[in-house]
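A structural walkthrough
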Amino acid sequence: MLRVVVCVSGGGTNLQAIIDGIADGRIADTRIVGVISNNAGAFALERARRSGIDAVCVSPRDYEDRAAFHGALLERVNGFAPDLIVLAGFLVTIPPEMIRAYPNRIINIHPSLIPSFCGVGYYGLKVHEAALKRGVKVTGATVHYVDEGTDTGPILLQKSVEVHEDDTPKTLQRRVMEEAEWVILPQAIDRIARKGHMEWNPE
Ligand code: GRF
């Protein structure tokens, strides 16, 4: 049974896709053992609680400095003893000590086809604003392992989405979530659950 901790900051639609994927069997042999958010008001925490999943907030506001927050975050994660950490709309930079503690055990969903529109400052709607500004005809989403860079770790899965003439950042974000993020994040977790981390060979 793959023990998964999901880190969230917002609405939790990617978390919901994982919950639903486990419930309907698209994700094999996996249990979400905990959900952690840096934002006490994140609806993602409510989604977790509605599914009976342990949901906690570790907020930087509750700590005197960043180092103390990072220590508390890592302690919370360790407490769940995860095999895999999933960053699902988590807007916190993962501290190096956490990446070192979980090498090739942290994955992230990014709402573009990396290496386009990624890196520092590219998150949420900003990603789709940049894609529309550049005039790309195809965008999509990427699941990648997290290393000490920003959106720079090994790519696991990608899925493309067409950009429509009349798209706004909001309409494009929604379609990328529906047609790409909510599809490839459960797929990535299912493959890790069935094949393990190191045997990963994207088909
Ligand atoms: C969305 O912008 C999504 O593209 C990105 O994180 C944000 C929040 O997603 N992955 P969620 O609804 O909280 O999963």
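A quick note: this is a predicted structure, and the numbers were derived from the prediction, not measured.

Here we look at the overall build of the chain
- Per the secondary structure count, the chain includes 6 helices and 7 strands.
- Relative to the 2.2 N^0.38 estimate, which gives 17 Å for 203 residues, the radius of gyration of the chain is 16 Å and therefore close to what a compact globule would have.
- A principal-axis box enclosing the C-alpha atoms of the chain has dimensions of 45 × 40 × 30 Å.
- Sorting the 203 residues of the chain into buried and exposed places 51% on the buried side.
- When contacts within the chain are restricted to residue pairs at least 6 apart in sequence, long-range pairs at least 24 apart make up 64% of them.
- Element-wise, carbon and sulfur atoms account for 49% of the exposed surface of the chain, whose accessible area totals about 9,800 Å².
- The positive charge centre, built from 22 side chains, and the negative charge centre, built from 25, are 2 Å apart in the chain.

Considerations on the side chain of Gln 173
- Here Gln 173 shows up in helix H6 (residues 169-195).
- If near-sequence neighbours (up to four positions away) are discounted, Gln 173 is found in contact with Gly 124, Leu 125 and His 128.

Focus on the pairing of strand E4 (residues 84-87)
- Residues Leu 84 and Val 86 point to one face of E4 and Ile 85 and Leu 87 to the other, with burial holding for every one of them.
- Two elements, strand E1 (residues 2-8) and E4, share 4 bridges in a ladder whose sense is parallel. Opposite Val 6, over in E4, you have Val 86 as the bridge partner.
- Where E4 and strand E5 (residues 106-110) come together, 3 bridges link them in parallel fashion. Across the sheet, Ile 85 pairs through a bridge with Ile 106, a residue of E5.
- Handedness of the β-α-β unit built from E4, helix H4 (residues 96-101) and E5 comes out right-handed.

As for the site of the ligand
- All residues in the neighbourhood of the ligand are listed as Gly 10, Gly 11, Gly 12, Thr 13, Asn 14, Gly 89, Ile 109, Pro 111, Gly 124, Gln 173, Met 177 and Glu 181.
- At 3.4 Å from an oxygen atom of the ligand is found a main-chain nitrogen or oxygen belonging to Gly 11.
- Here Gly 12 contributes a backbone N or O atom positioned 2.8 Å from an oxygen atom of the ligand.
- Within the complex, 88% of the 360 Å² of free accessible area of the ligand lies under protein.
- Counting only elements with at least two residues in the shell around the ligand, the list comes to helix H1 (13-23) and H6.
- No other element matches H6, which puts 3 residues into the shell around the ligand.
- In terms of residue class, the shell around the ligand is built from 3 nonpolar, 8 polar and 1 charged.

A look at the packing of aromatic side chains
- Within the structure shown, the criterion is met by 1 aromatic pair.
- With a centroid separation of 6.3 Å and an interplanar angle of 45°, the aromatic rings of Tyr 63 and Phe 69 are classed as tilted.
- Residue class for Phe 69 comes out buried when judged on its relative accessible area of 1%.

Section: the packing of H1 against H6
- At a minimum axis distance of 9 Å, the contact between H1 and H6 shows a crossing angle of 50°. When the axes of H1 and H6 are compared, the pair comes out oblique. In the packing of H1 onto H6, the handedness of the crossing is right-handed. Across the interface between the two elements, Thr 13, Asn 14, Ala 17 and Ile 18 of H1 pack against Met 177, Glu 181, Trp 182, Leu 185, Pro 186 and Ile 189 of H6.

The rules behind these values
Residues numbered from 1 in each chain as written. Predicted model: local features only at pLDDT ≥ 70, side-chain atom pairs only at ≥ 80, totals over all residues. Heavy atoms only, no water. Helix = DSSP H or I, 4+ residues; strand = E, 2+ residues; numbered from the N terminus. Rg over C-alpha atoms; globule rule 2.2 N^0.38 Å. Buried < 20%, exposed > 50% of the residue type's maximum accessible area, 1.4 Å probe, protein only. Contact = heavy atoms within 4.5 Å. Areas by Shrake-Rupley, 256 points an atom, 1.4 Å probe, with all protein chains shown as cover. Lys, Arg positive; Asp, Glu negative; His and termini not counted. Charge placed at Lys NZ, Arg CZ, Asp CG, Glu CD. Pairing = 2+ DSSP bridges. Right-handed = clockwise from strand over helix to strand, strands pointing away. Near = heavy atom within 4 Å. Polar contact = N/O pair within 3.5 Å; in protein donor to acceptor, adjacent residues only side chain to side chain. Nonpolar A, V, L, I, M, F, W, Y, C, P; charged D, E, K, R; others polar. Phe/Tyr/Trp six-rings, centres within 6.5 Å; stacked < 30°, edge-to-face > 60°. Axes fitted to C-alpha atoms, helices over the stretch in contact; angles between N-to-C directions. Parallel < 35°, antiparallel > 145°, perpendicular 65-115°, else oblique. Left-handed = near helix turned anticlockwise from the far one by under 90°.

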